[in-house]
There are 2 protein chains.
Amino acid sequence: MNIEPQGSISAQVSQIVISVDAMGGDKGPAAVVAGLDLFLASRPDAQILLHGNQDVLNGLVAGLAAKDRITIIHAQDVVQMTDKPAQVIRTGKNTSMWSALDSVREGAAAACISCGNTGALMALSTMRLRRIEGVKRPAIACMWPSLNPSGFNILLDAGADLKADAPDLLNYAFMGASYARNGLGLTMPRVGLLNVGTEEHKGRAELREAHDLLTAAQEAGGFDYVGFVEGGDIPMSTVDVIVTDGFTGNVALKTGEGTARLVAKMLRDMFGTNILSKLAAILAYGALKKFRHQMDPRRVNGGVFLGLNGTVVKSHGSSDATSFAAAISQAYDLAKMNFTDRVAARLATSASFTAGLDSAEPATATD
Amino acid sequence: MNIEPQGSISAQVSQIVISVDAMGGDKGPAAVVAGLDLFLASRPDAQILLHGNQDVLNGLVAGLAAKDRITIIHAQDVVQMTDKPAQVIRTGKNTSMWSALDSVREGAAAACISCGNTGALMALSTMRLRRIEGVKRPAIACMWPSLNPSGFNILLDAGADLKADAPDLLNYAFMGASYARNGLGLTMPRVGLLNVGTEEHKGRAELREAHDLLTAAQEAGGFDYVGFVEGGDIPMSTVDVIVTDGFTGNVALKTGEGTARLVAKMLRDMFGTNILSKLAAILAYGALKKFRHQMDPRRVNGGVFLGLNGTVVKSHGSSDATSFAAAISQAYDLAKMNFTDRVAARLATSASFTAGLDSAEPATATD
């Protein structure tokens, strides 16, 4: 028998409200709502603001066990995958994506999640939530399967911007380290700068400049700078956070995914080769299942937008219920930790390093 | 009974001379000579000019069955892995690498191969062999395991230069298509330009400019331009040649290798999980062996330098006998096809596209 008081104040404190864009994913709002159902079952203190066409959403939500924790907010329009970001900024006021972001802007929700058009989501997020002071380029951070104990490394920028200069890369290091502390539970994340070799003289000018900035700023940023790393280090246990520009990061991310798909295809072919290998597949069933789970991209679904006044999670466009549930759990976990405030506190110490090392103050932020 | 005349002219015509830098690899000249032994056993018309310390090489070569087809050329010095390219250009005159390249420069050998310092090899190759007219930036082309019937795609530039502008990328397309015709036997290779999305408005300015150049030049270049491709397409069957700048290409290459290593590690762990999975590994032995062969980086060992007056193959620094034999076979095959002349003939038609489309002439080269 539960006799603890259920006061309104403690209920308020423990509730985490997440704003969800129900539209715009390749599989439509049904997959989003199915993912919500999975998520809400495991997080009794979560509340949802669900943005999209109310006629469609009412029908989908009606049968859910946790329907009382979902508030539908009607939005007439949907951002399409083919819409250009500039156009969405001009004409997207009535879309579910805009509406979902405004719930965070107005403080009604602690984080926003969408599986719609990435470019449009980044442009709208920047416009509606604004950059944290000192941030010129926000970044998308992704989790990457790795040999580290947590099973993951963090890579940023995975494609928010095509370019990054040295101060941007320094900000990415601060933001990525914060994400590693809050998302992976690491006390002192190891940060590496992606380059074509590990020697100090290698790479483009902005990378050598960033190398000096990161070396000087690592104590204030609460991270251990391990220097230049190469593409081969991304899934390894020698580094936790890999910093790069969005063009390179996007190509690396997709190359890694493509290689994993190639290997998976070859494995399937291998186990189908003959009767012995088919028998082997049956014997190794348990181990194979674990292997598939480790490599399952749905487990790490979702890029987190960093550098904005609010937490925004981008789920894959092709998200199914399982992967959308994983992404919304990520948004929930970050919201619960006041992640945005922690990143902002760290970034406040970053600017002093690009302005000139003499003015650098010891860090006071503790994210 | 063979009664065909064995005249000296036909013998001369069919002999292929390859210049080999025996020094500078991580495993030393013994691995190189062991690789040569494997290679010479399968290519009775091959002759070798072997450059390095004669005292060391005489001892290694003495026991080989094909020792009569190896001529040792003494070189006192060795380019070290840590030497900077600019320094090697100034002071490397007595190195085995310099000597090996000069055999191609003087016409004594049809191709050169080294497993030494990549940056130094590219710098010395450019200095001693010179760029083909119209080429500003030579490129390194790599074979990449893929789902295509040949089992491979070609990626360039894999790291010769950090940058590439639109005319460079056009040249890479011409050179990569030539390599695909001669190295993979494809009549009409499909060429894609690596970008962060497939839509025409995506990516940096030089990529959109290159997109227009490749669209106009594909007929003259003897390739089918498939437009922008993403990192995930690199190991797929939708494209044969992937064109990118050397920074991005190098990161992609190493990310792919790292991902494959991660998966291999997870697979080993999987088959060692319990007694059933160990038994499964025994049952699937044949299929697993085939799978390992497909993913074995030693099979595709060697980047080919394109855009120079001579064929140069870079073998991995850590090459063992098997992988060095694979790389020298590649050098041999390209030499036998007069690959350099074919690339030069194609490139002669490339310049007209960057000068202005009006002056473009139909292609006459047939590589």
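That block above? That's the structure.
Residues numbered from 1 in each chain as written. Chains lettered and ligands numbered in written order. Predicted model: local features only at pLDDT ≥ 70, side-chain atom pairs only at ≥ 80, totals over all residues. Heavy atoms only, no water.

Give a detailed account of the relation of the copies chain A and chain B, specifying residues and quantitative values.
Mapping chain A onto chain B calls for a rotation angle of 180° and an axial translation of 0.0 Å; the resulting RMSD is 0.1 Å. Taken together, the rotation and translation describe the operation of a two-fold axis. Rotation axis and chain A: the residue whose C-alpha lies nearest the axis is Ala280 of chain A, separated from it by 1.9 Å. In this assembly, 100% of the residues forming the interface of chain A have copies in chain B that are likewise at the interface, indicating an isologous arrangement. (Least-squares fit on C-alpha atoms with pLDDT ≥ 70 in both. Contact = heavy atoms within 4.5 Å.)

Would you mind going over the environment of Phe39 of chain A in detail, with residue names and values included?
Residue and element names in this part refer to chain A. Within the secondary structure layout, Phe39 lies in helix 2 (residues 28-42). The exposure class assigned to Phe39 is buried, which follows from its relative accessible area of 1%. The sequence separation of Phe39 and Tyr332 amounts to 293 residues, and the corresponding C-alpha distance is 9.6 Å. (Helix = DSSP H or I, 4+ residues; strand = E, 2+ residues; numbered from the N terminus. Buried < 20%, exposed > 50% of the residue type's maximum accessible area, 1.4 Å probe, protein only.)

Please give an account of the pairing of strand 2 (residues 46-52) of chain B that cites residues and values.
Regular strands show a simple pattern: their side chains alternate between the two faces of the sheet. Residue and element names in this part refer to chain B. With 6 of 7 residues buried, strand 2 lies mostly within the body of the structure. Two elements, strand 1 (residues 16-21) and strand 2, share 6 bridges in a ladder whose sense is parallel. Counterpart to Ser19 in the pairing with strand 2 is Leu49. Since strand 1 and strand 2 lie parallel, the crossover through helix 2 (residues 28-42) that links them has a hand, and here it is right-handed. Two elements, strand 2 and strand 3 (residues 70-74), share 5 bridges in a ladder whose sense is parallel. Opposite His51, over in strand 3, you have Ile73 as the bridge partner. (Pairing = 2+ DSSP bridges. Right-handed = clockwise from strand over helix to strand, strands pointing away.)

Before we move on, can you summarise a positive patch on the surface with the specific residues and values?
A cluster of basic residues, Lys93, Arg105, Arg130 and Arg131 of chain A, forms a positive patch at the surface. In this structure, Arg131 of chain A sits in the loop between helix 6 (118-129) and strand 5 (139-145). (Patch = residues over 30% accessible without salt bridge, like charges linked within 9 Å, V, L, I, M, F, W, Y side chains within 5 Å. Areas by Shrake-Rupley, 256 points an atom, 1.4 Å probe, with all protein chains shown as cover. Salt bridge = Lys/Arg side-chain N within 4 Å of Asp/Glu carboxyl O. Lys, Arg positive; Asp, Glu negative; His and termini not counted. Charge placed at Lys NZ, Arg CZ, Asp CG, Glu CD.)

Tell me about the side chain of His211 of chain A, and please be specific about residues and values.
With respect to the helices and strands, the residue His211 of chain A is situated in helix 8 (residues 205-221). Beyond its immediate stretch of four places on either side in the chain, His211 of chain A contacts Leu193, Glu200, Tyr225, Gly227 and Phe228 of chain A.

Could you give me a rundown of the environment of Ser329 of chain A, with the residues and numbers involved?
Residue and element names in this part refer to chain A. Tracing the sequence through the fold places Ser329 in helix 12 (residues 321-336). Here Ser329 falls in the buried class, since its relative accessible area comes to 15%. As for Ser329 and Arg43, which are separated by 286 residues in sequence, their C-alpha atoms are 8.5 Å apart. Apart from the residues within four sequence positions on either side, Ser329 is in contact with Phe39 and Arg43.

Provide a residue-level description of the side chain of Arg69 of chain B, including the pertinent values.
Residue and element names in this part refer to chain B. Position of Arg69 among the secondary structure elements: in the loop between helix 3 (54-61) and strand 3. A polar contact is formed between the side chain of Arg69 and the backbone oxygen of Leu40, at a distance of 3.0 Å. Discounting residues that sit within four places of it in the chain, Arg69 has contacts with Leu40, Arg43, Pro44, Asp45, Ala46, Gln47 and Ile48. (Polar contact = N/O pair within 3.5 Å; in protein donor to acceptor, adjacent residues only side chain to side chain.)

So what's going on with the nonpolar core? Which residues, and what values?
Ile18, Val20, Ile48 and Leu50 of chain A are the most contacted members of the largest nonpolar core, which has 102 residues in total. Per-element tally for this core: the top contributor is helix 7 (residues 166-183) of chain A, with 10 residues. Formed jointly, this core draws a minimum of three residues from each of two domains, domain 1 (1-129) and domain 2 (132-302 + 339-367) of chain A. The contact partners of Ile48 of chain A, leaving out residues within four places of it in the chain, are Ile18, Val20, Leu36, Phe39, Leu40, Arg69, Ile70, Thr71 and Ile328 of chain A. Grouped together as the second largest cluster of nonpolar side chains are 101 residues, Ile48, Met122, Cys142 and Leu184 of chain B included. (Core = buried A, V, L, I, M, F, W, Y, C linked by side-chain atoms within 4.5 Å. Domains from an automatic or database assignment.)

Please provide a residue-by-residue account of a nonpolar patch on the surface, values included.
All names here are of chain A. Taken together, the side chains of Ile275, Leu276, Leu279 and Ile282 make up a nonpolar region of the molecular surface, amounting to roughly 420 Å² of accessible area. Note that Ile282 resides in helix 10 (residues 275-283). For Ile282, a relative accessible area of 60% translates into the label exposed.

Pulling in residues and values, what's your account of the packing of helix 2 of chain A against helix 3 (residues 54-61) of chain A?
All names here are of chain A. At a closest axis distance of 10 Å, the pairing of helix 2 and helix 3 adopts a crossing angle of 40°. Put simply, helix 2 runs oblique to helix 3. The interaxial crossing formed by helix 2 with helix 3 has right-handed handedness. In this structure, helix 2 uses Pro29, Ala30 and Val33 to contact helix 3, whose residues at the interface are Val56, Leu57, Leu60 and Val61. (Axes fitted to C-alpha atoms, helices over the stretch in contact; angles between N-to-C directions. Parallel < 35°, antiparallel > 145°, perpendicular 65-115°, else oblique. Left-handed = near helix turned anticlockwise from the far one by under 90°.)

Got a sec to walk through the sheet that holds strand 4 (residues 111-114) of chain B? Specific residues and values, please.
Hydrogen bonds between backbone groups are what pair the strands of a sheet, and the pairing can be parallel or antiparallel. Residues and elements named next belong to chain B. Reading across from one edge, 3-2-1-4-11-10-5-6-9-7-8 is the order of the 11 strands in this open sheet, with mixed pairing throughout. Strands at the two margins of the open sheet, each flanked by one partner only, are strand 3 and strand 8 (224-229). Taken pair by pair, the neighbouring strands of this sheet meet at an average axis angle of 25°, ignoring direction. As judged from the 5 bridges shared by strand 7 (residues 190-194) and strand 8, these two strands associate in the parallel manner. Across the sheet, Gly192 pairs through a bridge with Gly227, a residue of strand 8. Helix 2 contacts strand 1, strand 2 and strand 3 of the sheet and is inclined by roughly 175° relative to strand 2. Running at roughly 150° to strand 6 (residues 152-156), helix 7 (residues 166-184) makes contact with strand 5 (139-145), strand 6, strand 7, strand 9 (241-243) and strand 10 (303-306) of the sheet.

Can you lay out the interface of chain A and chain B for me, pointing to particular residues and giving the numbers?
Between chain A and chain B, the contact holds 51 residues from the first and 52 residues from the second. Together, Arg204, Phe247 and Leu283 of chain A form the three largest contributors to the area buried by chain A at its contact with chain B, with a combined 14%. Our count for the contact surface shared by chain A and chain B stands at 4 salt bridges. For the salt bridge of Lys254 of chain A with Glu230 of chain B, the shortest nitrogen-to-oxygen distance reads 2.2 Å. (Buried area = accessible area lost by both parts, 1.4 Å probe.)

Everything listed is a geometric property; what it means functionally is a separate question.
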